[in-house]
Amino acid sequence: MFDIADRDIKFLPGVGPQRAALLEKELNIRTYRDLLYYFPYKYIDRSRLFQIRELVADMPYVQLSGEITSFETVGEGYQKRLVAHFTDGTGEIDLVWFKGLKYVTDRYKVHTPYVVFGKPSQYGTKINIAHPDLDAADKIVFSTMGMQPYYNTTEKMKRAGLNSRMMEKLTHALMEQLKEPLPETLPECVLKEHKLAPLMESLRTMHYPNSDESVRMARYRLKFEELFYVQLNILRYTHDRRRQRGGFVFPRVGELFNGFYHDHLPFALTNAQKRVLREIRQDMGSGKQMNRLLQGDVGSGKTMVALMSALLAVDNHFQVSIMAPTEILAEQHAETFAKQLEGLPVKCALLTGSVKGKKREAILKELAEGEIQILIGTHALLEDTVKFHNLGLVVIDEQHRFGVAQRARLWNKNVYAPHVLVMTATPIPRTLAMTLYGDLDVSVIDELPPGRKPVKTLHQYDAQRVSINRGIRQQIEQGRQVYVVYPLIKESEKIDLKNLEEGYRQMVEDFPDYEICMVHGKMTPAEKEAEMQRFANHETHIMVATTVIEVGVNVPNASVMVIENAERFGLSQLHQLRGRVGRGADQSYCILVTGYKLSEDTRKRIEIMTQTNDGFEIAEADLKLRGPGDLEGTQQSGLAFNLRIANLAKDGQLLAYVRDVAARIVEEDPDRNKPEYALAWSQLQKLRKNNVDWSSIS
Ligand code: ADP
Ligand code: MG
């Protein structure tokens, strides 16, 4: 059956092909439904006009009708502002602008009737309204208007006449076209139990609300629905997987594990490491397939957990693969494993893209025969040519992008899916974890090995180079080493490389008596490796690098991390980079170097970095500052349906609530044949069909 909501937007009266193209390009609005779900960002209550003499400070938003008697510019520099004296016959107030002064004076005229909307506040002895909305009074018809919706539109749209007012007209036309209400998308019993407004009523209210309360109800219902289907989807998937697939049972803690624990372990495990290992052992002995996310800040000792989990698998005659995001990190893991496991009867091998020819063939053969027990490598391990004899455990390191879809590819490597342990130092806020990794159990290492001193973080400006260099010299004189990192953005790799090379030359000039090396992504793995090795051996004092060092290198003697152009890094990246120092017993420093001119957001980011070392706090702040859409992983995961109204940064509480609702339904109706939930399952089916990424999962 044809659904009118799917009709091309160009057929809507008042749109046509040109505006349709613009709507699609600017706002991704293609169909009637898209427009219906394009909600106003605010509403203005046009039902009441206030008089100026009634106003007191701290009133909520008010609407006034009157005229500007004169304009005046006051103050200097950043205090400079434009004041319009405004009267309605009952009194006078000041309208104030701090920005866009020219726009205002060009646009608004004295002695012309305007309707003003804004929030009164006290300024000295007077009441004023800063940055009010002004509308020509003759354009507003009070009798027909309650709350007026305001839609975000772009500059391009405004130039083509598609401003907020026009969007309002179009949604009006749309409502006329939708003679039949759209079918309900949530089951009756869910609506009733959670006191939710019906779909069509909610959509209508979003565009034509009659009170703040009705908007609140409508918004709640629509957010509820979005989050509900995201959760129903992921919980259904988890449920099925658990039901259909058993897991290998690793019943014994054998000689290898015990031998290592008693005779080889170079330090005492932290309590957090012990707890996590217990959780992992329990999972792997349960008969269910383990799917565990291990979160632990940089330097918290995740590698040791991976290694000991691997030994458990090998003790039970299974193979293990350890996947790292880069060759360098894979190589480092291989070295760590080789060193730690020296003298123990277990065979490890490294397989990356650079292992070729005869050597590769030999590894693949030994792997297929089960002779190699632990294989360490990069994504190359996922290729079809890599065949295991009996893969029992997969450890995925530092891969917060490894969502459900990617993990699903591992299922095909075996009859049973191997146990999976995903490790990440990028803490994931709870709300994101529930959507992105909603099917994973979570373990947390919330304790650093003893003796670590938290890294001290300072913010310095470019112009303070002399003092930055003095600090660097001091540290090197004390026998420490230093990283200097430059940002790298793919689109302009050439420019970035120039930055890096200039920075390198500058350092060579500033520190003629020290050895300085340079590492960047354009070098071959062998070249990079050689430079890293030199640094690790303390043959060089300063390493100038791009973010290639973000994950990987472990040089406990390095105590200073200078991050150049720190304004160009995101919070979690800054945190990751900072984690490269503070790995030894000495006090370490992270210097964030920026220019003087910083945006509000950047200032906040830098401030957060200087105030806390807590990865979870930083992740939450990151989510709030950037919004979830930008966070790595949400796009690729294929899990989050496009959220139009819910916001993972703000709606955490609702998300948790809705998750419980969805969980109960999955439990109550595992075979999906209860009539009361039929609508939920069919709606989910529909949503899944519209989301291509899903195909790789089921
Ligand atoms: P990450 O969690 O960032 O992967 P690593 O596993 O690389 O951290 O560990 C960082 C450093 O801490 C390594 O040098 C490792 O040997 C050391 N380490 C790990 N666990 C402990 C412990 N319990 N006691 C002391 N040092 C430890
Ligand atoms: Mg690690």
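### Section: the environment of Gln-51
At step 1: When you line up the elements, Gln-51 lands in the loop between β1 (42-45) and β2 (62-74).
At step 2: Sequence separation between Gln-51 and Ile-468 is 417 residues; the distance between their C-alpha atoms is 59 Å.
At step 3: Not counting residues within four places of it along the chain, the set of residues in contact with Gln-51 comprises Leu-64, Asp-88 and Thr-90.

### Some thoughts on the site of ligand 1
At step 1: Around ligand 1, the surrounding shell holds 16 residues, and the nearest of these are Gln-273, Gly-299, Lys-302, Thr-303 and Arg-452.
At step 2: Within the side chain of Gln-273, an N or O atom sits 2.9 Å from a nitrogen atom of ligand 1.
At step 3: A distance of 2.6 Å separates an oxygen atom of ligand 1 from a polar atom in the side chain of Thr-303.
At step 4: Within the complex, the protein chains bury 81% of what would otherwise be the 570 Å² of accessible surface of ligand 1.
At step 5: A per-class count over the shell around ligand 1 returns five nonpolar, seven polar and four charged.

### Observations regarding the environment of Asp-446
At step 1: Here Asp-446 lies in the loop between β16 (441-445) and β17 (456-461).
At step 2: In the structure, Asp-446 is positioned 149 residues away from Asp-297 in sequence and 7.5 Å away in space, judged by C-alpha atoms.
At step 3: In this structure Asp-446 touches Ala-272 and Arg-275, once residues within four positions along its chain are discounted.

### Some points on the packing of aromatic side chains
At step 1: Scanning all chains against the criterion turns up 14 aromatic pairs.
At step 2: Centroid distance Tyr-220 to Phe-224: 6.2 Å. Interplanar angle 55 degrees. Geometry classified as tilted. Of this pair, Tyr-220 and Phe-224 both sit in helix α8 (residues 212-244), separated by four residues, roughly a single helical turn.
At step 3: According to the relative accessible area criterion, Tyr-220 is partly exposed, its value standing at 30%.
At step 4: Ring geometry for Phe-228 and Tyr-229: centres 5.0 Å apart, planes at 75 degrees, overall edge-to-face. Each member of the pair, Phe-228 together with Tyr-229, is buried.
At step 5: By way of ring pairs, the aromatic residues Tyr-220, Phe-224, Phe-228, Tyr-229 and Tyr-657 are connected into one cluster.
At step 6: Between Arg-48 and the ring centre of Phe-50, over which it is positioned, the NZ or CZ distance is 3.9 Å.
At step 7: Here the basic side chain of Arg-672 rests over the ring of Trp-681, its NZ or CZ set 5.1 Å away from the ring centre.

What counts and what doesn't
Residues numbered from 1 in each chain as written. Chains lettered and ligands numbered in written order. Predicted model: local features only at pLDDT ≥ 70, side-chain atom pairs only at ≥ 80, totals over all residues. Heavy atoms only, no water. Helix = DSSP H or I, 4+ residues; strand = E, 2+ residues; numbered from the N terminus. Contact = heavy atoms within 4.5 Å. Near = heavy atom within 4 Å. Polar contact = N/O pair within 3.5 Å; in protein donor to acceptor, adjacent residues only side chain to side chain. Areas by Shrake-Rupley, 256 points an atom, 1.4 Å probe, with all protein chains shown as cover. Nonpolar A, V, L, I, M, F, W, Y, C, P; charged D, E, K, R; others polar. Phe/Tyr/Trp six-rings, centres within 6.5 Å; stacked < 30°, edge-to-face > 60°. Buried < 20%, exposed > 50% of the residue type's maximum accessible area, 1.4 Å probe, protein only. Lys NZ or Arg CZ within 6 Å of the ring centre and 35° of its normal.

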